[in-house]
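Here are the chains, one letter per residue:
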Protein chains: 2
Amino acid sequence: MNKLSNRQQRILSLIIHEHIRSAEPIASNRLVNDYNLDLSSATVRNEMAYLTEQGFLRQPHTSAGRVPTEEGYRYFVGNLMRNTTLPEDARRTISHQFYQSRNDISNWMHLAASILANQSKAASLVTSPHAEQVRFKHLEMIATHSTQILGVLVLEGGEIHQNVFTTDVPVNQEELSRISNKLSTQFQGKNYLEIRATLDQYMDLEKTIVNWATLEMEQTENLTAGEVILDGLTNVLAEPEFIESDDARKALKMIEERTLLQDLITRSGFKDQTNGVQVLIGGEGTWDELKQMSIILAKYGLPGVATGTLGVFGPIRMSYGHSISIVRFLSSLLSDFVAEQW
Amino acid sequence: MNKLSNRQQRILSLIIHEHIRSAEPIASNRLVNDYNLDLSSATVRNEMAYLTEQGFLRQPHTSAGRVPTEEGYRYFVGNLMRNTTLPEDARRTISHQFYQSRNDISNWMHLAASILANQSKAASLVTSPHAEQVRFKHLEMIATHSTQILGVLVLEGGEIHQNVFTTDVPVNQEELSRISNKLSTQFQGKNYLEIRATLDQYMDLEKTIVNWATLEMEQTENLTAGEVILDGLTNVLAEPEFIESDDARKALKMIEERTLLQDLITRSGFKDQTNGVQVLIGGEGTWDELKQMSIILAKYGLPGVATGTLGVFGPIRMSYGHSISIVRFLSSLLSDFVAEQW
DNA sequence: TTTTAGCACTCTAGCATTGAGAGTGCTAAT
DNA sequence: ATTAGCACTCTCAATGCTAGAGTGCTAAAA
């Protein structure tokens, strides 16, 4: 693939710009008029012919304008996009919105999803931060009814797991507090293997509790993504390509059902790396269901300690610059929150 | 409005049935053939004319079949629908799915939403059970880093709130445990007003904690619906009426944004009461945005103690019998779970 | 050598026309 | 009370046509 001249790059950029705005094929004329180019439409046509030959543009039919191909978008994102950062006031507004909920993980995940969706006018996802190695912090057992106990397990980082037990004989709160205190002190900072190694020392209720705690910890550690929050699905729906195409609807359905997400999150992260943000355009040949969609993903958190993923997905024809800057900004913001808790 | 003859009722039923299946206008011919009616199409046509006059059917145009009106659906749901209960094996399968997660509120809410969506092939919502009067159960403070504390507040019913505090001076776990124990014993079973009345007795850290707890409790009590879980939005999207109409998409958007839900949940519950299940057809004249949609809602939980709402929303042309029976069944299932915890 | 004016060519979108078929409502016969 | 039969209405799909959009190419201009 040959290198593109400045003018060719410029024209490709403008076509993509205009097509993102209008969702229509772009004609040479339109380009010259709307952007006051110092060129005739004939010249533009020649360049467009070249770009088409190189695979960056395509023509729906002979007498139509040009539409960017996936390759075109990829070139744009990789080489032409100016590296937009979010304007200072937007950053401030967003940070401000988080101010109240910075201490509640579930809260800020929802908030982040909502901001991503609104700003990018696409659908968004946020997964809960996931510790690479789960460590015990604290345990608390609370008597609810006579033979019913509420167990609360706190992990390092502040994640909380809860469960209800039923016992054969009634237990009182004092007994439970004693057990909780003991175990909390003993297990402080340990991982689930270390705790499980001591399992034989316990009996009856204590054994049940210790067993439950290790199981919860093991499960948590092996989860790729705990909670996945989605928002803005209806944004994507209003886009013409989704109204028309059945494929696009299927893709959305798969995302709603979380079947694709797992795969996507683990297998992405190899290409088109733009400053920690990954851009998947049109399924990149790997995901057939995503032919019509683009996905912008970023990890957040402390690498090696606790990380989550967040991102945006919408039609291929999406505003990459803006979306990428939003994703990047939120990723760094949430990273700060994670750093505070871990 | 005159009473309908048996035959008229039968024909109305069949038209609705067939229209739900096919989304097309139904012709007299089709009815006679497909259902082996012992009548000629002419007779059916006469009856259809009458039903149209009475407002239960309408004709998109002269040479088209008939389509049920909102009034028609309402009559159907109110008078004609046979009271389906879910088959025993379906009940068992569903109960079984809940078996593992019956102790984790958040888990079974998600599960319920997913089952509702899949079974009804529409979108579903489940709100968290909400106590009429919130009562204190237990408090726990856990030292995380030197000046950072994780506060965990457990309410009766097992609802858990958490928050992170930062203090001026470092505190150790022993100190915190002492405070937690003391407050837990003192506040056991009290509501937020009772607790707040004692606020003056506390100072410094304790005061901060007590204040936080009462605020959390107050907020929780005044919330109409805490968490609202949505699922199956894309089911609805595949329906033809949503593909075509812009209104329908707007309605979905409002639901996704939760702006309508509040209103809906509080203001419904007056009409079309079918065994505890409320059926709103086409917005019932009150909600303009919902012209194209029907909503089936039910409360669950212990009335007067803790209740939540769950339901299904889809196109007017939805399978009411099945959806209602699913909603009803899940409502009773979740009620059992709530009863176990409160 | 690069750019551009000009023009022939291609394809689509929109419109009017048409005919077939779907489904009705009415009338008269059963 | 029901139904066969038929005239009537309206839609839908197909057809043919035209205007216009946009291109690619060629030859002239810069």
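Refer to the structure printed above.
Residues numbered from 1 in each chain as written. Chains lettered and ligands numbered in written order. Predicted model: local features only at pLDDT ≥ 70, side-chain atom pairs only at ≥ 80, totals over all residues.

1. Quick word on the sheet that holds strand β7 (residues 160-166) of chain A
All names here are of chain A.
- Across the sheet, three strands lie side by side as β5-β6-β7; this open sheet has antiparallel pairing. The outermost strands of the open sheet, each flanked by one partner alone, are β5 (136-143) and β7. Recorded for the sheet is a direction-independent mean angle of 20° between the axes of neighbouring strands. (Pairing = 2+ DSSP bridges. Helix = DSSP H or I, 4+ residues; strand = E, 2+ residues; numbered from the N terminus. Axes fitted to C-alpha atoms, helices over the stretch in contact; angles between N-to-C directions.)

2. Considerations on the protein's contact with DNA strand D
- The environment of DNA strand D is formed by 19 residues, the closest being Ala27 and Ser63 of chain A together with Thr43, Thr62 and Ser63 of chain B.
- Among the elements of the structure, α2 (28-34) and α3 (41-53) of chain A together with α3 (41-53) of chain B are those that each provide at least two residues to the surface near DNA strand D.
- Top contributing element to the surface near DNA strand D by residue count: α3 of chain A, with four residues. (Near = placed C-beta within 6 Å.)

3. What about the environment of Pro303 of chain A?
- Structurally, the position occupied by Pro303 of chain A is in the loop between β11 (293-302) and β12 (306-315).
- Taking the C-alpha atoms as reference, Pro303 of chain A lies 20 Å from Gln219 of chain A; in sequence the two are 84 residues apart.

4. Concerning the protein's contact with DNA strand C
- For DNA strand C, the set of nearby residues contains 19 residues, the closest of which are Thr62 and Ser63 of chain A together with Ala27, Ser28 and Ser63 of chain B.
- Elements that contribute at least two residues to the surface near DNA strand C include exactly α3 of chain A together with α2 (28-34) and α3 of chain B.
- By residue number, the principal contributor to the surface near DNA strand C is α3 of chain B, which donates four residues.
- Its residues assigned to classes, the surface near DNA strand C shows seven nonpolar, ten polar and two charged. (Nonpolar A, V, L, I, M, F, W, Y, C, P; charged D, E, K, R; others polar.)

5. Observations concerning the sheet that holds strand β6 (residues 148-155) of chain B
Residues and elements named next belong to chain B.
- Reading across from one edge, β5-β6-β7 is the order of the three strands in this open sheet, with antiparallel pairing throughout. In the strand order of this sheet, the two ends are held by β5 (136-145) and β7 (160-166), each with one partner. Ignoring which end each strand starts from, the neighbouring axes of this sheet average 20° apart.
- Alignment of β6 against β7, held across seven bridges, turns out to be antiparallel. Each residue of the ladder has a partner; that of Leu150, found in β7, is Val164.

6. Some remarks on the interface of chain A and chain B
- Contacts between the two partners involve 27 residues from chain A, matched on the other side by 27 residues from chain B.
- Every element with two or more residues in the side of chain A that touches chain B is listed here: β5, β6 (148-155), β7, α7 (173-187), α10 (233-237) and α12 (246-256) of chain A.
- Of the residues belonging to the side of chain A that touches chain B, the class tally is eleven nonpolar, ten polar and six charged. (Contact = placed C-beta atoms within 7 Å.)

Spatial relationships are all this shows, so hold off on functional conclusions.
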